[in-house]
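Observations on the model geometry
Chain by chain, the residues:
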Amino acid sequence: MPDVFADLVGQDEAVVELRRAAAAAAAVLRAGAAALVNAGPAGGHGSAADEAGTGVDPSAGMTHAWIFTGPPGSGRSVAARAFAAALQCVHGTGCGECPGCHTTMGATNADVRMVVPEGLSIGVGEMRALVLRAASTPSGGRWQVVVIEDADRLTEAAGNALLKAIEEPPPRTVFLLCAPSTHPDDISVTIRSRCRVVPLRQPPAAAVAEVLVRRDGIAPDVAQWAASAAQGHVGRARRLARDPEARKRREAVLAVPRRLTGVGAAFDAASALIEAAEAEAEASVTEADTTERAALETALGAGGTGRGAAGALRGAAGQLKELEKRQKSRATRAQRDALDRALVDLAGFYRDALTMALRAPVAPVHTDTAALAGAGAQKWDADGALRRLEAVLACRAAIEANVKPRIAVEAMMLALWKG
Ligand SMILES: [Zn+2]
């Protein structure tokens, strides 16, 4: 039976550290140590608690605030969830079999909260409520664990609310943050200084393929192709291997380079890319939107009559408006994510052209368009391929910096056509 860390692909060093921390956390519980005092980022040697007088500090290796960093798809949230399970594991190891492991991995553990931002940012209200709940005594007798995915999307005010909780942590509360990096743009310097960082790396394609075969039962040749095409992004590799729609969207994106035959074609390609991202995003959020709205309407007793109904209706209108705002923000995020995936695929193509022009001894990202990239390499040379790759990367950066996606994509297409 695989333990909770089995799905953390190609992250051996991080797994060793997390196992050690989970064991230390279990020792803290055994020793009945009341608090993780001053367990700073340097390694948590601040606690004075001794385990049963052995002279061993049970909290060494454990601390109450962590940041998991790494590129998208490297498994930040997978690592955080696995660590949360190991903390709740009755054996303190993340065995994968006990109720603590099971409930955490199945997202039903009452003492583990996963915060998944649906919009562009996590607001202060949400964070305050979370911090308050996280301060309560763990009902399972072990730890209260709060996992914040995409902690880089915290608003400044929300970050401050979180910082306060991290600075004066309740004795049994553990915060697990996930962010692309520890750059100040992603995570505030003050929060960073209170956390231990677990850097994850982009898993090698072979490791991704291995997990697709073992866990998802995907045929080895398909798994290998998908792992390479997804450029180390485990979730994306699984989608490509399983979902024909995802494969179709990828093919459409990789058809862009050969379609750029003139100015008009460049603008057409930009429109197509934007619209495909919108369609993909809409498909991913529509179902959740409808379910949420129905649930809220039921909760508000829509259609109710009698005394107080008018007042309730006014309150209800406000709540529905709030929900619509949240859903709009989530749709925007989904569109940007879809567009970014397309740009990453496109960058992979020009990277292949560049490595071929340089005759670099590296495997292509997209094996199925390698011939096309080879033709590009001959036509453009290394300089031209590099300029095109840079145009794609500049487009990603511009969108990240809030340039309107359509404008950024049009500029990119023109640059790709002109070279
Ligand atoms: Zn367990």
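For the structure itself, look to the data block above.
Residues numbered from 1 in each chain as written. Predicted model: local features only at pLDDT ≥ 70, side-chain atom pairs only at ≥ 80, totals over all residues. Heavy atoms only, no water.

Topic: the overall build of the protein
Heads up, the condition is: Each helix is a run of DSSP H or I of at least 4 residues and each strand a run of E of at least 2, with the numbering of both proceeding from the N terminus. Throughout, a residue-residue contact means that at least one pair of heavy atoms, one from each residue, lies within 4.5 Å.
A tally of helices and strands in the protein yields 15 helices and five strands. Counting only contacts in the protein whose residues sit at least 6 apart along the sequence, the fraction spanning at least 24 positions is 71%.

Topic: the coordination of the zinc ion
Tetrahedral coordination by four donors sets the ideal angle at the metal to 109.5 degrees; octahedral coordination by six donors sets it to 90 or 180 degrees. Rules: Coordination partners: N, O, S within 2.8 Å of the metal, 3.2 Å for Na, K and Ca; water not considered, so apparent gaps in a site are possible. With a 1.4 Å probe rolled over the protein chains alone, any residue whose accessible area is under 20% of its type maximum counts as buried; one over 50% counts as exposed, and the rest are partly exposed.
For the zinc ion, every protein donor is listed as Cys89 (SG), Cys95 (SG), Cys98 (SG) and Cys101 (SG), and the spread of their distances is 2.3 to 2.4 Å. All donors of the zinc ion belong to a single chain; written as a sequence motif, their spacing is C-x5-C-x2-C-x2-C. The pair formed by Cys89 and Cys98 is uniform in burial state, with each residue classed as buried.

Some words on the pairing of strand β5 (residues 196-199)
As a reminder, the rule being used: Whether two strands pair comes down to DSSP finding at least two bridges between them.
Side chains of β5 alternate between two faces, with Arg196 and Val198 buried and Val197 and Pro199 left unburied. Sheet topology note: the strand β1 (residues 65-69)/β5 ladder contains four bridges and is parallel. When the bridges of β5 are listed, Thr69 appears paired with Pro199.

Considering the pattern of salt bridges
Here is the rule we go by: The term salt bridge refers to a side-chain nitrogen of Lys or Arg lying within 4 Å of a carboxyl oxygen of Asp or Glu.
Throughout the structure, instances matching the rule amount to 16 salt bridges. Two residues, Arg249 and Glu280, come together in a salt bridge whose shortest N-O distance is 3.2 Å. With Arg249 in helix α10 (residues 244-254) and Glu280 in helix α12 (residues 263-299), the pair connects residues that are 31 residues apart, well separated along the chain. A network of salt bridges, in which partner residues are shared, links Asp7, Arg215, Asp216 and Arg238.

So, a nonpolar patch on the surface
Keep this limit in mind: To count toward a patch, a residue needs a relative accessible area above 30% and no salt bridge. Like charges then connect within 9 Å, nonpolar side chains (Val, Leu, Ile, Met, Phe, Trp, Tyr) within 5 Å. Every accessible area reported is derived by Shrake-Rupley at a probe size of 1.4 Å, with residue values counting cover from the shown protein chains alone.
A cluster of nonpolar residues, Val263, Phe267 and Trp417, forms a patch on the protein surface that exposes about 240 Å² of accessible area. Counting through the fold element by element, Val263 comes out in helix α12. Judged by its relative accessible area of 41%, Val263 falls in the partly exposed class.

Concerning the environment of Val392
Among the structural elements, Val392 can be located in helix α14 (residues 370-400). You can call Val392 buried: its relative accessible area is 0%. Spatially, the C-alpha atoms of Val392 and Tyr350 are 8.7 Å apart, while their sequence positions differ by 42 residues. For Val392, the contacting residues outside a window of four places in its chain are Leu343, Leu346, Ala347, Tyr350, Met412 and Leu416.

Here's the deal with the side chain of Thr355
How we decide: In the analysis that follows, any N or O atom pair within 3.5 Å is treated as a polar contact, provided that within protein one partner can donate a hydrogen and the other can accept it, and provided that, for residues neighboring in sequence, both atoms belong to side chains.
Locating Thr355 in the fold gives a position in helix α13 (residues 309-357). Residue class for Thr355 comes out buried when judged on its relative accessible area of 13%. Within the structure, the side chain of Thr355 is placed 2.9 Å from the backbone oxygen of Asp352, a separation counted as a polar contact. Not counting the four nearest positions on each side in its chain, Thr355 is found in contact with Ala360 and Val362.

Focus on the packing of aromatic side chains
Quick reminder of the rule: In this analysis, rings of Phe, Tyr and Trp, with Trp reduced to its six-membered ring, are considered paired at centre separations within 6.5 Å, and the interplanar angle assigns stacked below 30 degrees, edge-to-face beyond 60, and tilted for intermediate values. Either the NZ atom of lysine or the CZ atom of arginine qualifies as a charge over a ring when it sits within 6 Å of the ring centre and within 35 degrees of the ring normal.
Overall, the coordinates contain three aromatic pairs when judged by the stated rule. Between Phe349 and Tyr350, the aromatic rings sit 5.2 Å apart at their centres with planes inclined by 90 degrees, giving edge-to-face as the arrangement. Residue Phe349 shares its accessibility class with Tyr350, and that shared class is buried. With centroids separated by 5.6 Å and ring planes inclined at 35 degrees, the aromatic side chains of Tyr350 and Trp380 adopt a geometry described as tilted. You can see Tyr350 sitting in helix α13 and its partner Trp380 sitting in helix α14, a full 30 residues away along the chain. Aromatic rings pair up to connect Phe349, Tyr350 and Trp380 into one cluster. For the cation-ring pair, Arg172 lies above Trp143, with the distance from its terminal atom to the ring centre recorded as 5.8 Å.

Points about the packing of helix α9 (residues 234-242) against α10
Note the cut-off: Between N-to-C directions, angles span 0 to 180 degrees; the directions come from axes that are lines fitted to C-alpha atoms, helices contributing only their stretch in contact. Each angle gets one of four labels, with under 35 degrees taken as roughly parallel, over 145 as roughly antiparallel, 65 to 115 as roughly perpendicular, and the rest as oblique.
Running from N to C, α9 and α10 cross one another at 100 degrees; their axes reach a closest spacing of 5 Å. Considering their axes alone, α9 and α10 lie roughly perpendicular with respect to each other. Between α9 and α10, the residues in contact are Arg236, Arg239, Leu240, Ala241 and Arg242 and Pro244, Ala246, Arg247 and Arg250, respectively.

What to know about the sheet that holds strand β4 (residues 173-179)
Across the sheet, five strands lie side by side as β2-β3-β4-β1-β5; this open sheet has parallel pairing. Each edge of the open sheet is held by one strand with a lone partner, namely β2 (112-115) and β5. The sheet shows a mean angle of 15 degrees between the axes of neighbouring strands, taken without regard to direction. Here helix α2 (residues 76-88) sits on the sheet and contacts β1, β2, β3 (144-148) and β4; the angle it forms with β4, its principal contact strand, is near 165 degrees.

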